[in-house]
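Chain residues, written in single-letter form:
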Amino acid sequence: MIRAIYPGSFDPVTLGHLDIIKRTAAIVDELVVGVLVNKAKNPLFSTDERVSMLNEVMKDIPNAYAEASEGLLVDFAREKQANVIIRGLRMVTDFEYELQIAQTNRMMDPDIETMFMMTSLEYSYLSSNTVREAVAFGADISKFVPAQLVSRINEKRNQCKENL
Ligand code: ADP
């Protein structure tokens with residue numbers, strides 16, 4: 001039984017995240033998408049909103065669901081009895097940061113492996129930050145986020161400028 005955790009901020013979830021979610025759900029038994037509360041970040045969307053948007057776009061993926069966690073990632077993984085942490089890699093600049101986190105988590109719990117999914121070519125440029133910037137400037141975000149979330153995300157336009 002492989003239960004994987006895919007942690008992140010998902011502020012908001014993008015088509016790049018959803019691509020990693022679908023590809024991971026196809027190869028593991030269960031996927032928990034973890035919205036990790038990072039006190040150093042001032043998110044645009046509340047934790048509940050981020051979890052709810054994820055669950056909405058994942059409703060057709062029967063073995064995946066989203067949940068929030070305030071604690072350490074390895075504690076959350078243990079609580080969920082997950083044996084794998086999934087992270088996405090977009091470009092070389094992601095690598096150094098991700099390697100450091102993966103090694104730290106391995107020191108904390110050697111039984112949990114971190115595995116990396118390479119971004120799909122069409123989403124390699126895409127980050128939640130790109131989406132927040134696009135919203136702030138009133139740009140079309142339909143190529144960046146799942147269709148059913150476009151209007152909900154655009155509604156945050158005024159607040160967006162304060163959060164950039
Ligand atoms: P972001 O970096 O977009 O603000 P998160 O902190 O929520 O997003 O990222 C969660 C995980 O998803 C990280 O491992 C990140 O590298 C990965 N990820 C984010 N966007 C993409 C993408 N377009 N393709 C592949 N992986 C991605």
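Computed from a predicted model, the values in this text were never measured in an experiment.

Basis of the calculations
Residues numbered from 1 in each chain as written. Predicted model: local features only at pLDDT ≥ 70, side-chain atom pairs only at ≥ 80, totals over all residues. Heavy atoms only, no water. Buried < 20%, exposed > 50% of the residue type's maximum accessible area, 1.4 Å probe, protein only. Helix = DSSP H or I, 4+ residues; strand = E, 2+ residues; numbered from the N terminus. Pairing = 2+ DSSP bridges. Right-handed = clockwise from strand over helix to strand, strands pointing away. Near = heavy atom within 4 Å. Polar contact = N/O pair within 3.5 Å; in protein donor to acceptor, adjacent residues only side chain to side chain. Areas by Shrake-Rupley, 256 points an atom, 1.4 Å probe, with all protein chains shown as cover. Nonpolar A, V, L, I, M, F, W, Y, C, P; charged D, E, K, R; others polar. Contact = heavy atoms within 4.5 Å. Patch = residues over 30% accessible without salt bridge, like charges linked within 9 Å, V, L, I, M, F, W, Y side chains within 5 Å. Salt bridge = Lys/Arg side-chain N within 4 Å of Asp/Glu carboxyl O. Axes fitted to C-alpha atoms, helices over the stretch in contact; angles between N-to-C directions. Phe/Tyr/Trp six-rings, centres within 6.5 Å; stacked < 30°, edge-to-face > 60°.

Caption draft 1: Representation of the pairing of strand β1 (residues 3–8) within the structure. Of all six residues in β1, six are buried; the element is thus mostly enclosed. Of the two faces of β1, the one carrying Arg3, Ile5 and Pro7 and the one carrying Ala4, Tyr6 and Gly8 are both buried. As judged from the six bridges shared by β1 and strand β2 (residues 30–36), these two strands associate in the parallel manner. Looking at β2, one finds that Arg3 is bridged to Glu30. With helix α1 (residues 15–25) bridging β1 and its parallel neighbour β2, the resulting β-α-β unit is right-handed. Inspection of the sheet shows β1 paired to strand β4 (residues 84–89) by two bridges, in the parallel sense. Across the sheet, the residue bridging to Ile5 is Ile85, located in β4.

Caption draft 2: Geometry of the site of the ligand. As a structural note, the neighbourhood of the ligand is formed by 17 residues, with Tyr6, Phe10, Gly88, Tyr123 and Ser128 the closest of them. In this structure, Tyr6 approaches the ligand through a side-chain N or O atom, which is 2.6 Å from an oxygen atom. Its free accessible area being 530 Å², the ligand has 91% of it covered by the protein chains. Secondary structure elements with two or more residues in the shell around the ligand: β1, α1 and β4. Of the residues in the shell around the ligand, the class split is six nonpolar, eight polar and three charged.

Caption draft 3: Structural view of the side chain of His17. Inspection of the secondary structure assignment puts His17 in helix α1. Its relative accessible area of 16% is what places His17 among the buried residues. Once residues lying within four places of it in the same chain are set aside, the contact partners of His17 are Tyr6, Phe10, Pro12 and Ser128.

Caption draft 4: Structural view of a nonpolar patch on the surface. Judged by side-chain polarity, Val92, Phe95 and Leu99 come together as a nonpolar surface patch covering roughly 300 Å² of accessible area. By secondary structure assignment, the location of Val92 is in helix α4 (residues 92–108). Since its relative accessible area comes to 74%, Val92 is described here as exposed.

Caption draft 5: Up close: the sheet that holds β4. Across the sheet, five strands lie side by side as β3-β2-β1-β4-β5; this open sheet has parallel pairing. Unpaired on one side and paired on the other, β3 (64–69) and β5 (113–118) mark the two borders of the sheet. Here the strands of the sheet are splayed against their neighbours by 30° on average, with no regard to which way each runs. Most of the contacts of helix α2 (residues 47–57) go to β3, to which it runs at about 175°, and overall it touches β2 and β3. Across the sheet, α4 lies against β4 and β5, angled at about 170° from β4, the strand it touches most.

Caption draft 6: Structural context of the packing of aromatic side chains. Using the criterion set out here, one finds two aromatic pairs in the structure. Both rings, one in Tyr6 and one in Phe10, keep their centres 5.2 Å apart while their planes meet at 80°; by these two values the pair is edge-to-face. Seen from their ring centres, Tyr125 and Phe144 are 6.1 Å apart, and the 65° between their planes marks the pair as edge-to-face. Of the two residues, Tyr125 is situated in the loop between β5 and α5 (128–136) and Phe144 in the loop between α5 and α6 (150–154); the sequence distance between them amounts to 19 residues. We classify Phe144 as buried; its relative accessible area is 16%.

Caption draft 7: Local environment of the pairing of β3. Two strands pair when backbone bridges link them, and β2 and β3 are joined in this way by six bridges, in the parallel orientation. Looking at the pairing, Leu36 lines up with Ser69 of β3. Since β2 and β3 lie parallel, the crossover through α2 that links them has a hand, and here it is right-handed.

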